Amino acid sequence: MDSLITAAARALATGDPLGALKRVALRDDPPALALRGIAMAQLGDFARAKTLLRNAGRAFGPREAMARARCVVAEAEIALVSRDLSWPEKALDTARATLEKHRDWVNAAHARNLKVRRLLLVGRLDEAERALAEIDPDPLPPAARAAYELVVAGIAIRRLRTKAARAALARAEQAAHEADIPALAAEVASASLVLDSPAARLIARGGSRPLLLEEVETLLASKALVVDACRHVVRGGSAAVSLATRPVLFALARALGEAWPGDVPRGALVARAFRAKHADESHRARLRVEIGRLRAELGTVAEVRATKRGFALVPRTGEVVVLAPPLEGQHAAVLALLSDGEAWSSSALAIALGSSPRTVQRALEVLVAAGKVQSFGRGRARRWITPPVPAFPTILLLPGALPGD
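Here the structure is a predicted model, which is why all the values come from computation and not from measurement.

This part is about the nonpolar core. Residues Val116, Leu132, Ile155, Val216, Leu219, Val226 and Leu323 are the most contacted members of the largest nonpolar core, which totals 44 residues. Those elements that provide at least two residues to this core are helix 7 (105-121), helix 8 (125-132), helix 9 (142-158), helix 10 (162-179), helix 11 (182-193), strand 1 (198-204), helix 12 (213-220) and strand 9 (320-324). Among the elements that make up this core, the one with the highest residue count is helix 9 (ten residues). In this structure, this core is formed jointly by two domains, domain 1 (1-192) and domain 2 (199-322), each of which donates at least three residues. With residues up to four places along the chain from it excluded, the contact list for Leu323 reads Ala200, Arg201, Leu211, Val216, Leu219, Val226, Val227, Asp228, Ala229 and Cys230. Ala229, Val248, Val301 and Ala302 belong to the second largest nonpolar core, which has 33 residues in total.

Looking now at the sheet that holds strand 4 (residues 233-236). If you trace the six strands from one edge of the open sheet to the other, you get 2-1-9-3-4-5, paired in mixed fashion. Either end of the sheet is taken by a strand with one partner, and the two such strands are strand 2 (207-212) and strand 5 (239-242). Averaged over neighbouring strand pairs, the angle between their axes works out to 25 degrees when direction is ignored. Pairing analysis gives six bridges linking strand 1 to strand 2, with the strands arranged antiparallel. Along strand 2, the bridge assignment pairs Ala204 with Gly207. The sheet contacts of helix 12 involve strand 1, strand 2, strand 3 (225-228), strand 4 and strand 9, and relative to strand 2 the element is tilted by about 110 degrees.

The contact between helix 13 (residues 247-259) and helix 14 (residues 266-274) brings their axes to 8 Å, and the two run at 135 degrees. As the angle between them shows, helix 13 and helix 14 are arranged oblique. In terms of crossing hand, the pair formed by helix 13 and helix 14 is right-handed. For the pair formed by helix 13 and helix 14, the contact residues are Val248, Ala251, Leu252, Arg254, Ala255, Leu256 and Glu258 on the first element and Leu269, Arg272, Ala273 and Phe274 on the second.

Right, let's get into the confidence of the model for the protein. Put simply, the protein has an average pLDDT of 86, and 94% of its residues get 70 or more. Ranking the elements of the protein by mean pLDDT puts helix 16 (residues 332-338) last, at 79, and strand 8 (residues 310-315) first, at 95. In this model residues 388-395 is a low-confidence stretch, pLDDT under 50, and it forms 23 contacts with partners more than four residues away in sequence or in other chains.

Cut-offs used in this document
Residues numbered from 1 in each chain as written. Predicted model: local features only at pLDDT ≥ 70, side-chain atom pairs only at ≥ 80, totals over all residues. Heavy atoms only, no water. Core = buried A, V, L, I, M, F, W, Y, C linked by side-chain atoms within 4.5 Å. Buried < 20%, exposed > 50% of the residue type's maximum accessible area, 1.4 Å probe, protein only. Helix = DSSP H or I, 4+ residues; strand = E, 2+ residues; numbered from the N terminus. Domains from an automatic or database assignment. Contact = heavy atoms within 4.5 Å. Pairing = 2+ DSSP bridges. Axes fitted to C-alpha atoms, helices over the stretch in contact; angles between N-to-C directions. Parallel < 35°, antiparallel > 145°, perpendicular 65-115°, else oblique. Left-handed = near helix turned anticlockwise from the far one by under 90°. pLDDT = per-residue confidence, 0-100.

So this is what it looks like as structure tokens:
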């Protein structure tokens, strides 16, 4: 490898894309094309970066399988950063296997780390943990080790293991300092903000206050009966009753939880659950049916008792609290994903949320009309973005199960 290629690679490794381009910007040989592609990716021009990397991959000869595999890994990283979740996973797995065959352990670990990050993004936490366990971080250079620790922290945060998350972020910060890459240090600092920002609201006894993620973890480990409006689950001790597919039952549970230790009038429950302004006999009959169903669902954690004017929730142990997002709305999960500051395609949002593309598209149209998101580009290149919303729940509304789910 000539001196200019070596110098450009070193510049990229230290986060200096302009220094790399000064050395290879006018060259069209495969190594230079690959380095130019990585440099353009670091500068944020993902479309140009993908083109350069694909050209480089095609230009490498049949005996340069390792170089082609590295191009595939770089392209996969660009796809992940640009939220192109439709990019083929098998191509990354094949590239990783090639790198391992050629004993390029650092880039193979990077490929596996990218796979874990994608799994984390779409909420497949169990798979992400299994894949992460196959990575040995000790021999990794500082930049790769920082990326590894960021994934460890991301999984711990989504699992509500805040102590483990803080420890991983501290290790990531140390590794980023050793790597001396400002962009990496900024990424670690941004990830750390999640632990020090409001993640939910606690509604109890007529009052409401914000909770940090650490406080949410403590609450879910307590003896309180938690009506979790972030995941539509009612949690009591080690038991968790999911009402995610029973919106009427959850609406009733939340109304009863917010009123505890008091009761809720029948008319108020009808309005809350059925969105009816005036309760007639058919509404009251339906309410009795739904309350019966709610009793059956919550039997292990609470009772639903009839009172003179309505119904009340009585926990088996402890008090009743409601855990709600800081900001609520019909399309809060879409906003939670967009609040990471990255530009998402509607297809990537659909994959991450497990929804149909048309459902996501309708949600985006509503959010655009409300001025909450913006789009740029056309056709397949169209992307959606929103400025970070202060105190918005970027964790509790994201895909993936919490403890007890």
